[in-house]
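# Notes for the structure review
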Amino acid sequence: MYHEAFMGDSEIHVKVAREKRAAALDEYGKGRFTVVGDLAIKAVEQAIEALAALEDLHFHLHPRSAHAGRLRWVKERFPWVSADVDELWGAYGALGYGGINGERARRVIECMERVLGEFERRAGVKFRENS
């Protein structure tokens, strides 16, 4: 792979999304449920940034509105993943602030995998190493 200084924005976001996804799966497997929501949402955010960068959109450049911009963009471009995206964002706080519910963490992992799978299928960008 290219040195990061020479990689395009989209490629950098894809790399980070893959790493965050792998970390979420690893933490889930180790029973560290409180961090699963954070890592899963970060994986999806990076995937959104990667796809948006293909359209020359860069939400991360405007931190105050990045979250809202990503949500709006993904719901416009991929409306069929809206429920999963909402579940991810809803679980983020529940798991990150004292939640140790393995069931909720499992649902978060499932949502993350469905969203990334749809991005791969419809946009042709590979976010999951073994898909």
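These numbers were taken from a predicted model, which means no experiment stands behind them.

### What about the pattern of salt bridges?
Inspection of the entire model under this criterion finds 18 salt bridges. Glu103 is the partner of Arg106 in a salt bridge, and the nearest nitrogen-oxygen pair spans 2.2 Å. Taken together, the positions of Arg106 and Glu103, both in helix H5 (residues 102-123) and three residues apart, correspond to about one turn of that helix. The class of Arg106 is partly exposed, set by a relative accessible area of 27%.

### Describing the side chain of Arg128
Relative to the assigned elements, Arg128 resides in the segment after H5. Given the relative accessible area of 19%, Arg128 is considered buried. Discounting chain neighbours no more than four positions away, the residues touching Arg128 are Arg21, Glu113, Leu116, Gly117 and Glu120.

### Some points on the nonpolar core
Ranked by size, the top nonpolar core spans 35 residues in total, and within it Ile48, Trp73, Val74, Leu88, Met112, Phe119 and Phe127 carry the most contacts. Looking at this core, the elements with two or more residues in it are helix H1 (9-29), helix H2 (36-53), helix H3 (63-77), helix H4 (82-96) and H5. With 11 residues, H2 is the single largest residue contributor to this core.

### Points about the packing of H2 against H3
Two numbers describe a pair of packed helices, the interaxial angle and the distance between the axes. One way to put it is that H2 packs onto H3 with a least axis distance of 10 Å and a crossing angle of 70°. By the angle between their directions, the pair H2 and H3 is classed as roughly perpendicular. The two elements H2 and H3 cross, and the hand of that crossing is left-handed. On H3, the residues touching Glu45, Ile48, Glu49, Leu51 and Ala52 of H2 are His67, Arg70, Trp73 and Val74. Along the lines of polarity and charge, the residues of the contact of H2 with H3 split into five nonpolar, one polar and three charged.

The rules behind the values
Residues numbered from 1 in each chain as written. Predicted model: local features only at pLDDT ≥ 70, side-chain atom pairs only at ≥ 80, totals over all residues. Heavy atoms only, no water. Salt bridge = Lys/Arg side-chain N within 4 Å of Asp/Glu carboxyl O. Helix = DSSP H or I, 4+ residues; strand = E, 2+ residues; numbered from the N terminus. Buried < 20%, exposed > 50% of the residue type's maximum accessible area, 1.4 Å probe, protein only. Contact = heavy atoms within 4.5 Å. Core = buried A, V, L, I, M, F, W, Y, C linked by side-chain atoms within 4.5 Å. Axes fitted to C-alpha atoms, helices over the stretch in contact; angles between N-to-C directions. Parallel < 35°, antiparallel > 145°, perpendicular 65-115°, else oblique. Left-handed = near helix turned anticlockwise from the far one by under 90°. Nonpolar A, V, L, I, M, F, W, Y, C, P; charged D, E, K, R; others polar.

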